[in-house]
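Analysis of the macromolecular model
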Amino acid sequence: MRYGKKRQKLLLLLLCICLLGPIMAGYILGRTGRIQLTVPVVSYEKIQDVTEGMREYDVRPALHFGGHAAAYDSVEDIYYITQNMDGGSFGGALSSGEGRLLWPYDEYFTRFEDAISQGHVFSLYCVDSRKNMYCSYRVVFTGMPIMVIDTLDGGEIKGGREGVMRLFDWKFSADSYRESSCYAAIRGNTSIGYPKKGYKLELDEKMSLLGMRRDEDWILTALYDDAGLIHTKFAHDVWQDIAKSNGVKKDEGTRMEYLELFSNDVYLGVYGLIERIDAKELSLTQGDILYKCIGYEEDRTDSDWSFGLEEAFDIKYPAQYGIYEYGLLNEYLDIFNHMTDREDYEKARSMINMENYVDHNIFTLFAYGCDNYVRKNNFYLACPNNTGEGPAYTFIMIPWDLNATWGNVQVVDMTCNNTLYMPEVIEDPDLWCLDVKQLFQCYPDEIAGETYARWNNLRKEILTKDRLWGMLDEDFAYLHASGAYERNYRRWPEGMDYWKEDYIYEYVEGRLIWLDTYFKEPY
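Residues numbered from 1 in each chain as written. Predicted model: local features only at pLDDT ≥ 70, side-chain atom pairs only at ≥ 80, totals over all residues. Heavy atoms only, no water.

**Some remarks on the overall build of the protein**
Tallying secondary structure elements over the protein gives 13 helices and 24 strands in all. Counting only C-alpha atoms, the protein reaches 100 × 70 × 45 Å along its principal axes. Put simply, the protein has 523 residues, and 52% of those count as buried. Long-range pairs, those at least 24 residues apart, make up 67% of the contacts in the protein between residues at least 6 apart in sequence. As displayed, the protein has an accessible area near 24,100 Å², and 49% of this comes from carbon and sulfur atoms. One way to put it: in the protein the 54 positive side-chain charges average out to a point 11 Å from where the 84 negative ones average out. (Helix = DSSP H or I, 4+ residues; strand = E, 2+ residues; numbered from the N terminus. Buried < 20%, exposed > 50% of the residue type's maximum accessible area, 1.4 Å probe, protein only. Contact = heavy atoms within 4.5 Å. Areas by Shrake-Rupley, 256 points an atom, 1.4 Å probe, with all protein chains shown as cover. Lys, Arg positive; Asp, Glu negative; His and termini not counted. Charge placed at Lys NZ, Arg CZ, Asp CG, Glu CD.)

Structure (structure tokens):
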């Protein structure tokens, strides 16, 4: 009996050790003795001991993450290391070209999520006992992929420079590092005058970036005039959801993912990496014609090979084009610009995919795409009509350049980065897509009926408040938890006095409610 009680006490003691041992060990190792990113964590006293009497490096040895030079911001003297926030702990391997690395104890090693979201600055030491030298680094972990573009001559990208692109991605890819020679150049029209520039990026080889398609041509949008860094991505995602739910091929548009960009040892902020809308993105085939509307067809003429349209429309596909391709577009514009009777109305309808145009109109009205409701900032895709009846081609529309959306309206005022939230547009009916509006003005009952039916269908699952708010919650949570949102606006604080995250939630909810009533009788 006595033996049984002793055995019970022993078992209880062993159980306590098993339960408390890992907790205590974690606490102790969190202070010293732990290995983080293959680097030992030691006490500050240990750092002082090993560096006593040593000289500090004049030029620090390079710091590597996963065997590659880590991203560096010379302005704040900070190295940036990407992490996978889903992992719950620090990962990867740090190394130096010389000596051995040591972390001084930091309580944030036991607070992974806080360290990333708060942009906590860790200290890291490199000690070379052979040379009797040491140095220290300042290190920040980010939960967002990092892209580095270093030009070959070290100069700013500006009009265009050759360089090397390096991508550290622990969010989308098991193969976490990409590298390619590249050509980068500033892009944009209005945005070219902003202090934070957007870029086009051409790689020397095709590769998949951030889980998107395998390609060599990419867009880096600066999001400088996109308050909250949210409008562009949310608009692309909503359009894709709408387009995927219809029966139309080749109208889904493009995707965007966030990254933090560095160039020539300078932190440039949060950018959107966007797939180009092109033949590959839309799965175009022989006979398709892709037009990009970049302006207004104010100087049309029948005496020119392009009918005066080349200033307003670029032809992106096919590579070789001429009077025939511009002639098709000219015929389309003639019909929609001069629609007067039933015959014109029927011919106009026969030239377009009505399902796509209704969706585009709903999207433009819902998102309040104040830079997309006229033809500018839309792609027009002319697809061969192989039915043997009607026009030779059928047009579909795809929106792009979607920063001025969700109640954020374009204004001429750089203090708010040329966009400003205006709650009064929640009940504004005036942003009908121009070409659909032409049809509506001829036969309002027909267009109103088709629009209302499609709106009700979308409201069942695609355009619900809970779903849309959930998408916003997810994007904002990622931006903040990664630490990138606060870092971006510390670098580019302009305009933040005019923005609150609640604005876009207010707009989405209010616009849904208002359109539910408006689409019943949009007269």
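**What to know about unusual backbone geometry**
A cis amide bond links Tyr317 to the next residue, Pro318, at an omega of 5°. Inspection of the secondary structure assignment puts Pro318 in the loop between strand S20 (313-317) and helix H6 (323-337). Despite not being glycine, Leu37 shows a phi value in the positive range, around 55°. Along the chain, the position of Leu37 falls in the loop between strand S1 (35-36) and strand S2 (39-42). Overall, the relative accessible area of 3% leaves Leu37 in the buried class.

**Here we look at the sheet that holds strand S12 (residues 146-151)**
On the basis of which strands lie adjacent, the closed barrel formed by 7 strands has the order S12-S13-S14-S15-S16-S18-S17 and mixed pairing. Between one strand axis and the next, the sheet turns through 35° on average, direction left out of account. Pairing of strand S15 (residues 198-208) with strand S16 (residues 214-221) involves 6 bridges; the strand directions are antiparallel. From the neighbouring strand, Met207 faces S16, where its bridge partner is Asp215. In the packing of helix H4 (residues 231-244) onto the sheet, the strands contacted are strand S17 (256-263) and strand S18 (266-275), and the crossing angle to S17 comes to about 150°. (Pairing = 2+ DSSP bridges. Axes fitted to C-alpha atoms, helices over the stretch in contact; angles between N-to-C directions.)

**Observations regarding the pattern of salt bridges**
Applying the stated criterion across every chain yields a total of 26 salt bridges. Between Glu98 and Lys131 there is a salt bridge; the shortest N-O distance is 2.9 Å. Placement of Glu98 in the loop between strand S8 (94-96) and strand S9 (100-104) and of Lys131 in the loop between strand S10 (122-128) and strand S11 (133-142) is noted, with a sequence separation of 33 residues between them. Salt-bridge contacts for Lys233 lead to Asp237; the nearest nitrogen and oxygen are separated by 2.9 Å. Within this pair, Lys233 and its partner Asp237 are both found in helix H4, separated by 4 residues, close to a single helical turn. For the residue pair Lys233 and Asp237, the accessibility class agrees, reading buried in each case. Among the ionic contacts, a cluster of salt bridges with common partners joins Arg213, Asp215, Asp278, Lys280 and Glu281. (Salt bridge = Lys/Arg side-chain N within 4 Å of Asp/Glu carboxyl O.)

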